[in-house]
Amino acid sequence: MRRDYTRIQTQDLDGRRIKHLMPEEPPSAGMKESRIQLDKEISAPRLLVMKRTVEPFLNDFLSSVFNKVDETPATLKHIFDFFDEMAATYCSGSGQENPEDCAEAWKSNSLPQHYWVTTLTHPSYVFDMRQSRCADQSVSVLANMLDNACKKVIPEMTEDSSLNRVLFVKDLPGYIKTIREYYGGIARCPAPTAVELQREFNTIGQEFTGLFSRFGSLKLLYDFTCRDAADLLDAVAEMM
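Cut-off values and rules
Residues numbered from 1 in each chain as written. Predicted model: local features only at pLDDT ≥ 70, side-chain atom pairs only at ≥ 80, totals over all residues. Heavy atoms only, no water. Axes fitted to C-alpha atoms, helices over the stretch in contact; angles between N-to-C directions. Helix = DSSP H or I, 4+ residues; strand = E, 2+ residues; numbered from the N terminus. Parallel < 35°, antiparallel > 145°, perpendicular 65-115°, else oblique. Left-handed = near helix turned anticlockwise from the far one by under 90°. Contact = heavy atoms within 4.5 Å. Nonpolar A, V, L, I, M, F, W, Y, C, P; charged D, E, K, R; others polar. Phe/Tyr/Trp six-rings, centres within 6.5 Å; stacked < 30°, edge-to-face > 60°. Buried < 20%, exposed > 50% of the residue type's maximum accessible area, 1.4 Å probe, protein only. Expected span 1.5 Å × (residues − 1). Polar contact = N/O pair within 3.5 Å; in protein donor to acceptor, adjacent residues only side chain to side chain. 1 Å grid on protein atoms, 1.4 Å probe; cavity = no way out; pocket = protein on both sides within 12 Å on 5 of 7 lines; lining within 4 Å. Points joined across faces, edges and corners; volume = space filled by probe spheres on them. Core = buried A, V, L, I, M, F, W, Y, C linked by side-chain atoms within 4.5 Å. Patch = residues over 30% accessible without salt bridge, like charges linked within 9 Å, V, L, I, M, F, W, Y side chains within 5 Å. Areas by Shrake-Rupley, 256 points an atom, 1.4 Å probe, with all protein chains shown as cover. Salt bridge = Lys/Arg side-chain N within 4 Å of Asp/Glu carboxyl O. pLDDT = per-residue confidence, 0-100.

### Quick notes on the packing of helix 4 (residues 112-121) against helix 5 (residues 133-151)
The description of two packed helices rests on the angle between their axes and on the distance between the axes.
Then comes step 1: The contact between helix 4 and helix 5 brings their axes to 8 Å, and the two run at 165°. Relative to helix 5, helix 4 is oriented roughly antiparallel. Relative to helix 5, the crossing made by helix 4 is right-handed. Residues P112, Q113, W116, V117, L120 and T121 of helix 4 touch helix 5, and the partners they reach there are D136, V139, L142, A143, L146, D147, C150 and K151.
Then comes step 2: By residue class, the composition of the contact of helix 4 with helix 5 is nine nonpolar, two polar and three charged.

What follows is the structure, encoded as structure tokens:
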């Protein structure tokens, strides 16, 4: 029995069967298989109802993130074009990964997986709120779905599959298509000019003026370079 099936447990008492919530703890060795199956049958419909409840909000969120190509910042378009160029250069040889898939993996790692998944799993970063355990579990399911969509991973549905991990399995192909179309739309946008990039850099710089120490940032870069100098030089040598 997995942890995901222990939210509701049953107990036979004086000829009555009592159902009650329990902490998520590993099941005891003497727990009956029928009771495990009953707990799973109770939790599955509840999860499906909850999914239908939050699905409109989830679709609105994904639409706001992936369906507004015309509002893409010039800096994001610039770095995505750079990923496309590097993938075409270094991922198109014999035995190498498909350049398009390689570029999409870099894009997903830099934006949806690094930023949006982190934002989903930590709503307290955006909202002035206390993140309850229930909210933490719920957003973890959504974040796992987005992470699978970015990696193009569709979990296999079996009798022993965790309900949380397969809850959106039928929706994943559509989400994967949405993300790929988002990257394709950005690729078709005209490349930003140097003036547009500089203007956006200046705006970003003004917004964060005084919030970061220039010398502190340089010190962190120096420490990073010194620590990984050998690996960096080896990587540069391989590309030469």
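Right, picking up where we left off after that structure.
### Observations concerning the packing of aromatic side chains
Then comes step 1: Tallying each qualifying case throughout the model produces eight aromatic pairs.
Then comes step 2: Centre to centre, the rings of F61 and W116 are 5.6 Å apart; their planes meet at 80°, and the pair counts as edge-to-face. In this pair, F61 sits in helix 1 (residues 33-66) while W116 sits in helix 4, placing the two residues 55 residues apart along the sequence.
Then comes step 3: Using a relative accessible area of 21% as the deciding quantity, one classes W116 as partly exposed.

### Here we look at the packing of helix 3 (residues 99-110) against helix 4
Then comes step 1: Relative to each other, helix 3 and helix 4 sit at 35°, their axes nearing to 4 Å. Residue-level contacts link K107, S108, N109 and S110 of helix 3 to P112, Q113 and H114 of helix 4.
Then comes step 2: Looking at the contact of helix 3 with helix 4 residue by residue, the class counts come to one nonpolar, five polar and one charged.

### Examining helix 3
Owing to its 3.6 residues per turn, the α-helix brings residues three or four apart onto one side.
Then comes step 1: Between its first and last C-alpha atoms helix 3 spans 17 Å; for 12 residues at 1.5 Å apiece the expected length is 16 Å, and the two agree.
Then comes step 2: When helix 3 is considered as a whole, its buried residues turn out to be C102, A103, E104, K107 and S108.
Then comes step 3: Of the surrounding elements, those touching the buried residues of helix 3 are helix 2 (74-90), helix 4, helix 5 and helix 7 (172-188).
Then comes step 4: The backbone nitrogen of E100 has a side-chain oxygen 2.8 Å away, supplied by the residue at the start of helix 3, namely N98.

### Observations concerning the layout of surface pockets
Then comes step 1: Space inside the second largest pocket adds up to approximately 370 Å³.
Then comes step 2: If you go around the second largest pocket, the residues you meet are S64, V65, K68, E71, T72, P73, L76, L111, Y115, W116 and Y182.
Then comes step 3: Counting residues per element, the ones that place at least two in the lining of the second largest pocket are helix 1 and helix 4.
Then comes step 4: The class makeup of the residues in the lining of the second largest pocket is seven nonpolar, two polar and two charged.

### Topic: the nonpolar core
Then comes step 1: Residues L146, F168 and Y182 are the most contacted members of the largest nonpolar core, which totals 29 residues.
Then comes step 2: Looking at this core, the elements that each hand over two or more residues are helix 1, helix 2, helix 4, helix 5 and helix 7.
Then comes step 3: Not counting the four nearest positions on each side in its chain, Y182 is found in contact with V65, F66, V69, L76 and L111.

### As for a nonpolar patch on the surface
Then comes step 1: A cluster of nonpolar side chains, namely F201, I204, F208, L211 and F212, defines an oily patch on the protein surface of about 540 Å² accessible area.
Then comes step 2: With respect to the helices and strands, F212 occurs in the loop between helix 8 (194-207) and helix 9 (214-227).
Then comes step 3: Since its relative accessible area comes to 62%, F212 is described here as exposed.

### Looking at unusual backbone geometry
Then comes step 1: Despite not being glycine, K152 has its phi angle at roughly 60°, a positive value.
Then comes step 2: By secondary structure assignment, the location of K152 is in the loop between helix 5 and helix 6 (163-166).
Then comes step 3: K152 sits in the partly exposed class, given a relative accessible area of 35%.

### Quick look at the confidence of the model for the protein chain
Then comes step 1: When pLDDT is averaged along the protein chain, the result is 80; 83% of the residues meet or exceed 70.
Then comes step 2: Ignoring residues within four places in sequence, the model shows residues 1-6, a span with pLDDT below 50, making 22 contacts including any to other chains.

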